Amino acid sequence: MGCLESRGEDLLLRIHVQPGAKSSAVVGRHGDAVKIRLRARPVEGAANAALCAFLCDRLGLSRRQVELLRGDSARDKVIVIHAPGGAARALLREWTQDSSPATENP
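Every chain is numbered independently, its residues counted from 1 as its sequence is written. Per-residue local features are limited, in this predicted model, to residues with pLDDT of at least 70; the limit for side-chain atom pairs, both in listing and counting, is 80 or more; totals at the level of whole chains, interfaces and linings are taken over all residues. The side-chain values count all of the structure's non-hydrogen atoms but skip hydrogen atoms and water molecules.

Focus on the pattern of salt bridges
Line of reasoning, step 1. A carboxyl oxygen of Asp or Glu within 4 Å of a side-chain nitrogen of Lys or Arg is what we treat as a salt bridge. Enumeration over the complete set of coordinates arrives at 2 salt bridges.
Line of reasoning, step 2. With a closest N to O distance of 2.9 Å, Arg-7 and Glu-5 form a salt bridge.
Line of reasoning, step 3. Measuring nitrogen to oxygen at the nearest pair gives 3.2 Å for the salt bridge that ties Asp-57 to Arg-58.

Regarding the nonpolar core
It is characteristic of soluble globular proteins that their nonpolar side chains tend to be buried jointly.
Line of reasoning, step 1. Throughout, nonpolar core names a set of buried Ala, Val, Leu, Ile, Met, Phe, Trp, Tyr and Cys residues whose side chains join them through atoms within 4.5 Å. The cut-offs for exposure are 20% and 50% of the maximum accessible area for each residue type, with area from a 1.4 Å probe on protein chains only; residues under the lower value are buried, those over the upper are exposed, and the others partly exposed. Membership of the largest hydrophobic core comes to 23 residues, with the highest contact counts inside it found for Ile-36 and Leu-55.
Line of reasoning, step 2. Under the DSSP-based scheme used, a helix requires at least four consecutive residues in state H or I and a strand at least two consecutive residues in state E, with every element numbered from the N terminus. Every element with two or more residues in this core is listed here: β2 (10-18), β4 (33-37), α1 (46-59), β6 (76-81) and α2 (86-95).
Line of reasoning, step 3. Here the element with the most residues in this core is α1; it accounts for 7 residues.
Line of reasoning, step 4. Two residues qualify as a contact provided that any one of their heavy atoms is within 4.5 Å of a heavy atom in the partner residue. Once residues lying within four places of it in the same chain are set aside, the contact partners of Ile-36 are Ile-15, His-16, Val-17, Gln-18, Ala-25, Val-26, Leu-51, Phe-54 and Leu-55.

Overview of unusual backbone geometry
Line of reasoning, step 1. Despite not being glycine, Glu-44 shows a phi value in the positive range, around 50°.
Line of reasoning, step 2. With respect to the helices and strands, Glu-44 occurs in the loop between β4 and α1.
Line of reasoning, step 3. The backbone of Ala-83 sits at a positive phi, close to 45°, despite the residue not being glycine.
Line of reasoning, step 4. Position of Ala-83 among the secondary structure elements: in the loop between β6 and α2.
Line of reasoning, step 5. Since its relative accessible area comes to 39%, Ala-83 is described here as partly exposed.

Written out as structure tokens, the structure is:
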């Protein structure tokens, strides 16, 4: 699996998370994953909740469209994005390119 894989109407997104960062941002590729820095600390699921909220906000999705599939307690995670629209798909493709620009969280 690469960074992004289609499964019918859904997408699987492989992510490498860096919790406890100064700000939340997509920082580009990390091997076969998209690297995302998160302000949240990896305590009692806070980073996982922050990751899902960050993805929903950036991709314009509802919370029920973003689901953590694998990696609950690991930095490497697989997220299922249920039926994303065209704009979300385009942004995800941009994130999974090797030269993706960082997307800061204001």
